[in-house]
Amino acid sequence: MASIVSEWLHFGPSLVSLVSQPMVWVYLIAGVLLGYIIGVIPGLGATMGMALCLGIIFRLPQAQGLALLIGILVSSMASGGITASLANIPGTPAAAATVMDGFPMAKKGKGREACGYAYVSSCIGTVTAMILVFFIQPFISAVALKFGNWETFLFCLFGVILCGSLVGGNPVRGWVSAFTGMFISFCGAEQIQSVVRYNFGTAKLLNGVNSTVAIIALFGLGEVIMTLSRPNDIRVQSQSGFPIIDLKVFKRNIKNIFRSMLAGLWVGFIPGIGESAACWFSYEIARKSEKNGKDFGTGVPEGIIAAEVANNASSVGALIPSMALGIPGSGSTAVFIAALFLIGFHPGPLLLTDSPGILCSLTILFILAAIVMIGAGYVLTRFAIKFLTIDENVLMPIIVIFCAIGSYASTYTRFSLILLLVFGVVGYLMKKFGYPVPPMLLGLLVGGTMDSALRRAVIQYSNNPVEMITRPFGLAIMAFLIIMTIFSIRTTNSTKKASKDVAKVLAEAGAEDPQAE
Amino acid sequence: MSKLKNCIEGLVITLLGGFFLYLAFSVRSNPIPYGSAWINTLAQAKFLPVVMASFVTILGIVMIVMGLKGKMTPAKFDKGEPLRLLIVVVLVAAYLLGINYFGFRWPTVAFSVISAVYFNWKKRPWWQMLIIAAVYIVVGLFALPKLIGLRLV
C-alpha cells in the first residue's frame, strides 16, 4: 500500500518540474499543432504521426520526448472529429462514429457547433479518463508485480490472439497478421542460449528486426504507397470557422460524458481492440440510454459527445495494460510503448518501481496537452478546411523522406532502409488486402517477451510442469482472460452491429460509409 | 473460376506458412539440453517459431476453404491503380536503395524532383513543382537532420 501511495506523492514535484521547463512547453505545443494537422488530414492518424516522430524523440530529453508524443496523441485523436463533421470522412478511424451526428449537424449550418462539441468532448474524455487511470494504475501495477514467467506468457498469448480476432473485419486475417508478426519477432539471436534464428546468414539481423523501423514502415510508408497509388479527392461540404462551444450542452450531458468515458476506458483496457471500436460502443450505449436516442443520426450533440469522449478515453485506457504489462491496448499505444522504450523507460510490471514519477508525468502531460488543445483547437479549427484540402500528392513524398531519415536515425545503419522498403510494401499489401496492421505490430513487440517467458517458465518448472500450470495466479489470469475474451467479443460484436446499422442508415441516405476509412 | 480466384489469397498464405515452417525447422537445436524429452522440446529456440509457422499454414488452408465457399473475397484494384502502384513502389525502392549505395544527398534530390514533377504533372505550373521539390530538399536534407542533430551519410 505504501508503494502505491508513494507513486501519487510524486505528483507535486513532477508538476513543478514539468511546468517549469520551457522546452517541455515548446514540444508539447509543437506536438499538439502537429497532431491537429495529422488528425484532420484523412488517412493520417495518431499512430502514423507518432511513428514518424520515433526517429526524433529518442534524441530528446525524456520529458520533452514524452511531451511531443502525448501532444500528438491527444490532439490527433481530438481533431479527427472535426474532419468527420465537416467533410463526412473521419480524420482518424477513431472518429468514425462522430460522422453520424457531426455531419448532419454541419449540413444544418451548424458546422462550427459540431467542431466545438467534437474537440472539446475529446479533451474532456482525455482529462477525466487520465485522472481515473492515475488512481487505478498503481493497483494494477502492484498486481502485475506478482506475475511470473508463465503468467507473462499467458497474458501475451491472449493479448495477441484477442487482438488478431477483434481488430479488422476478418479474424482469420487478423490472426495471420498477429502470428506473422510474432514469427518475425523471433528473428535473430534469442536470449536464453543465444541460438540464432533465421537471420539469412547476415550479421545485420543478429539483433532481430528493429521494431521502430517496422513501425515507421508499416504505418508510414505503407500508408504513403496506399495513398499515392489510389488518390482520393476530398469534397468538403461545409464551411469552417471559429468553433462555438456551448457549455450548457456539456453541463446537460454530464451523465453521458461519464458513461462514455467509462465505456471508452473499458474498451481501451482490453488489449488490441482500440479506439475505433470504443466510439461505436459508446455511441450505441448513448443511443439506447439518452432520452433523445431516436434522434441520433440527425445531428444531435449527444451523439458527438458520446463518440468523442469515448475514443479519447479509450486511448488513455489502452495505457493501463501498456504500462502494467508492456502489452499495448491499441495500435497507437503500441507505438507509444516503442517510444517509451526508445527514451529509456521499460513498460511492464516494474515501470513504476524503476521510473518513480512516470505515472504522474504522464498524467500531467496528458492533462496539459488537453488544455493546450482546447486553446489551439479553437484557433486552428478556423483553418481546418485549409488543412483538409492539402494535396496528398504534395504531402506524401515528403513523408517518404521523413520515413527514410527516421529509420536511419533509429539504427544508424543503411540496412534499416532495406527493412523500411520491405515492411513498407508489406504494410501496403496488408492494408490493400484487409489485414489489420495492429496485430502484427503487437506480435512484433511482444513476441520476444513471450518466447523468453515460456522457455524460462518451462526450464524453471522442468521437474514439475503441473505446478507451473496450476499456479493459483496463472489460473486466476487464465480465468480473467477467458472472461475478458467473452466480454470483448460481445463488445466487439455489438460495436460491429452498431457500425453496420449506421452504415445501412448512411447508405439509405446516400452518404459515404464511415467504416470505409 | 471466381472460386479459384478467391482461393489465391489462401494459397499465398499457405505458401508463406510453408516458408516460415522451413525457416523454423532450419533453426539449430539448443546447445545445452534441459530435463525430460518434452521439456527439452518446449525449451527449444525453434519451438515457438514452429508453432507460429504452423498456425499461419493452417490459417492459409482455412482461407482456401473459405475461398471455395465464397466467404473470402479478394481485394479489387481500381482502373489505373496497378500501374500507378508499380511506379510508386519503383520510385520509393529506387530512392531507398539509392541511399543505401550513394548516401542521402543525391538520391533525395533526385527523388524530390521526380516525385514533385510526376505527382503534380498537368496539375500545377512548372515553377510550383520546382518550389515543392525545393521544399522537400530543404526539409529533408537540412531542416529535419538539423532539428534532431543527425549527420546524414
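As a starting point, this report considers the structure included with it. No experiment lies behind these values; they were computed from the predicted model shown.

### Notes on the overall build of chain B
Stage number 1. In terms of regular secondary structure, chain B is built from 6 helices and 0 strands.
Stage number 2. For chain B, the succession of helices and strands along the chain, N to C, is α-α-α-α-α-α.
Stage number 3. The buried share of chain B, reckoned over its 153 residues, is 44%.
Stage number 4. For chain B, long-range pairs separated by at least 24 residues make up 57% of all intrachain contacts whose partners lie at least 6 apart in sequence.

### Topic: the layout of surface pockets
Residue and element names in this part refer to chain A.
Stage number 1. Approximately 1,400 Å³ is the volume attributed to the second largest pocket.
Stage number 2. Looking at the lining of the second largest pocket, the elements that each hand over two or more residues are helix 7 (149-166), strand 1 (188-189), helix 9 (211-229), helix 15 (331-342), helix 20 (415-432) and helix 21 (437-460).
Stage number 3. Across the lining of the second largest pocket, the residue classes tally to 24 nonpolar, 20 polar and 6 charged.

### Remarks on the pattern of salt bridges
Residues and elements named next belong to chain A.
Stage number 1. Within the structure shown, the criterion is met by 11 salt bridges over all chains.
Stage number 2. Here Glu284 and Arg287 are joined by a salt bridge, their closest N and O atoms 3.1 Å apart. In this pair, Glu284 and Arg287 both sit in helix 12 (residues 275-289), 3 residues apart, roughly one turn of the helix.
Stage number 3. Among the residues examined, Glu284 registers a relative accessible area of 10% and is labelled buried.
Stage number 4. The exposure class of Arg287 is partly exposed, given its relative accessible area of 32%.

### Section: the nonpolar core
Stage number 1. Within the largest apolar cluster, 195 residues are counted, with the highest numbers of intra-cluster contacts made by Ile399(A), Leu420(A) and Leu96(B).
Stage number 2. Tallying contributions element by element places helix 17 (residues 358-380) of chain A first for this core, with 14 residues.
Stage number 3. The residue makeup of this core includes at least three contributed by each of domain 1 (2-68) and domain 2 (81-148) of chain B.
Stage number 4. Excluding anything up to four places from it in sequence, Ile399(A) contacts Leu44(A), Met48(A), Leu52(A) and Val224(A).
Stage number 5. Ala96(A), Ala97(A), Trp280(A) and Ala307(A) belong to the second largest nonpolar core, which has 11 residues in total.

### Digging into the interface of chain A and chain B
Stage number 1. Taken together, the contacts link 60 residues of chain A with 73 residues of chain B.
Stage number 2. Its largest share of buried area at the contact with chain B, chain A owes to Phe183(A), Gln193(A) and Arg414(A), together 11% of the area lost on that side.
Stage number 3. The interface formed by chain A and chain B contains 2 salt bridges.
Stage number 4. Ionic pairing is found between Glu9(B) and Arg173(A), a salt bridge with its closest N-O pair at 2.9 Å.
Stage number 5. Where chain A touches chain B, the interface holds 10 residue pairs in polar contact (both at pLDDT 80 or more).
Stage number 6. Only helix 4 (46-57), helix 8 (171-185), strand 2 (196-197), helix 9, helix 19 (392-411), helix 20 and helix 21 of chain A provide two or more residues apiece to the side of chain A that touches chain B.

### Brief notes about the packing of helix 4 of chain A against helix 19 of chain A
Residues and elements named next belong to chain A.
Stage number 1. Packing of helix 4 against helix 19 brings their axes to within 6 Å, and their N-to-C directions diverge by 50 degrees. As summarised for this structure, helix 4 and helix 19 are arranged oblique, according to the angle between their axes. The way helix 4 lies across helix 19 gives a crossing that is left-handed. Contact residues: Met48, Leu52 and Gly55 in helix 4; Ile399, Phe402, Cys403, Gly406 and Ala409 in helix 19.
Stage number 2. Of the residues assigned to the contact of helix 4 with helix 19, the class counts are 6 nonpolar, 2 polar and no charged.

### Points about the packing of aromatic side chains
All names here are of chain A.
Stage number 1. The final tally for this structure, using the stated rule, is 16 aromatic pairs over all chains.
Stage number 2. Aromatic ring contacts, followed pair by pair, group Trp8, Phe11, Phe134, Phe135 and Phe139 into a single cluster.
Stage number 3. Sitting over the face of the ring of Tyr435, Arg173 holds its NZ or CZ atom 5.6 Å from the ring centroid.
Stage number 4. Directly above the aromatic system of Phe242 lies the positively charged group of Arg382, at a separation of 5.9 Å from the ring centroid.

### A look at a nonpolar patch on the surface
Residues and elements named next belong to chain A.
Stage number 1. Residues Phe242, Ile245, Leu247, Tyr378, Val379 and Phe383 make up a contiguous nonpolar surface patch of about 530 Å² in total accessible area.
Stage number 2. Inspection of the secondary structure puts Leu247 in helix 10 (residues 247-252).
Stage number 3. What makes Leu247 exposed here is its relative accessible area of 63%.

### A few points about unusual backbone geometry
Residue and element names in this part refer to chain A.
Stage number 1. Non-glycine residue Ser194 carries a positive phi angle of around 55 degrees.
Stage number 2. Relative to the helices and strands, Ser194 resides in the loop between strand 1 and strand 2.
Stage number 3. Of note, Tyr198 is a non-glycine position whose phi angle comes to about 25 degrees, a positive value.
Stage number 4. With respect to the helices and strands, the residue Tyr198 is situated in the loop between strand 2 and helix 9.
Stage number 5. Since its relative accessible area comes to 9%, Tyr198 is described here as buried.

### Things to note about the packing of helix 5 (residues 62-87) of chain A against helix 17 of chain A
All names here are of chain A.
Stage number 1. Where helix 5 meets helix 17, the axes come as close as 9 Å, and the angle between the chain directions of the two elements is 45 degrees. By the angle between their directions, the pair helix 5 and helix 17 is classed as oblique. The way helix 5 lies across helix 17 gives a crossing that is right-handed. Two secondary-structure elements touch here, helix 5 through Ala63, Leu66, Ala67, Ile70, Gly71, Leu73, Val74, Ser75, Ala78 and Ser79 and helix 17 through Ile358, Leu362, Leu365, Phe366, Ala369, Ala370 and Met373.
Stage number 2. For the contact of helix 5 with helix 17, a count of residues per class yields 14 nonpolar, 3 polar and no charged.

### Points about helix 1 (residues 2-25) of chain B
Stage number 1. With 24 residues, helix 1 of chain B should reach 34 Å at 1.5 Å per residue; the first-to-last C-alpha distance of 35 Å fits that figure.
Stage number 2. Along its length, helix 1 of chain B shows its largest kink, about 30 degrees, at Ile8(B).
Stage number 3. Among all positions of helix 1 of chain B, only Asn6(B), Cys7(B), Glu9(B), Gly10(B), Ile13(B), Thr14(B), Gly17(B), Phe20(B), Leu23(B) and Ala24(B) are buried.
Stage number 4. Of the surrounding secondary structure, the elements contacted by the buried residues of helix 1 of chain B are helix 8 of chain A together with helix 3 (47-68) of chain B.

### Remarks on the environment of Pro397(A)
Stage number 1. Relative to the helices and strands, Pro397(A) is located in helix 19.
Stage number 2. For Pro397(A), a relative accessible area of 0% puts it in the buried group.
Stage number 3. When the C-alpha positions of Pro397(A) and Leu228(A) are compared, they lie 8.7 Å apart, and in sequence the two are 169 residues distant.
Stage number 4. Contact partners of Pro397(A), with chain neighbours within four places excluded, come to Glu392(A), Phe111(B), Ser115(B), Phe119(B) and Tyr136(B).

Parameters and conventions
- Residues numbered from 1 in each chain as written.
- Chains lettered and ligands numbered in written order.
- Predicted model: local features only at pLDDT ≥ 70, side-chain atom pairs only at ≥ 80, totals over all residues.
- Heavy atoms only, no water.
- Helix = DSSP H or I, 4+ residues; strand = E, 2+ residues; numbered from the N terminus.
- Buried < 20%, exposed > 50% of the residue type's maximum accessible area, 1.4 Å probe, protein only.
- Contact = heavy atoms within 4.5 Å.
- 1 Å grid on protein atoms, 1.4 Å probe; cavity = no way out; pocket = protein on both sides within 12 Å on 5 of 7 lines; lining within 4 Å.
- Points joined across faces, edges and corners; volume = space filled by probe spheres on them.
- Nonpolar A, V, L, I, M, F, W, Y, C, P; charged D, E, K, R; others polar.
- Salt bridge = Lys/Arg side-chain N within 4 Å of Asp/Glu carboxyl O.
- Core = buried A, V, L, I, M, F, W, Y, C linked by side-chain atoms within 4.5 Å.
- Domains from an automatic or database assignment.
- Buried area = accessible area lost by both parts, 1.4 Å probe.
- Polar contact = N/O pair within 3.5 Å; in protein donor to acceptor, adjacent residues only side chain to side chain.
- Axes fitted to C-alpha atoms, helices over the stretch in contact; angles between N-to-C directions.
- Parallel < 35°, antiparallel > 145°, perpendicular 65-115°, else oblique.
- Left-handed = near helix turned anticlockwise from the far one by under 90°.
- Phe/Tyr/Trp six-rings, centres within 6.5 Å; stacked < 30°, edge-to-face > 60°.
- Lys NZ or Arg CZ within 6 Å of the ring centre and 35° of its normal.
- Patch = residues over 30% accessible without salt bridge, like charges linked within 9 Å, V, L, I, M, F, W, Y side chains within 5 Å.
- Areas by Shrake-Rupley, 256 points an atom, 1.4 Å probe, with all protein chains shown as cover.
- Expected span 1.5 Å × (residues − 1).
- Bend = angle between axes of the 7 residues up to and from the residue.

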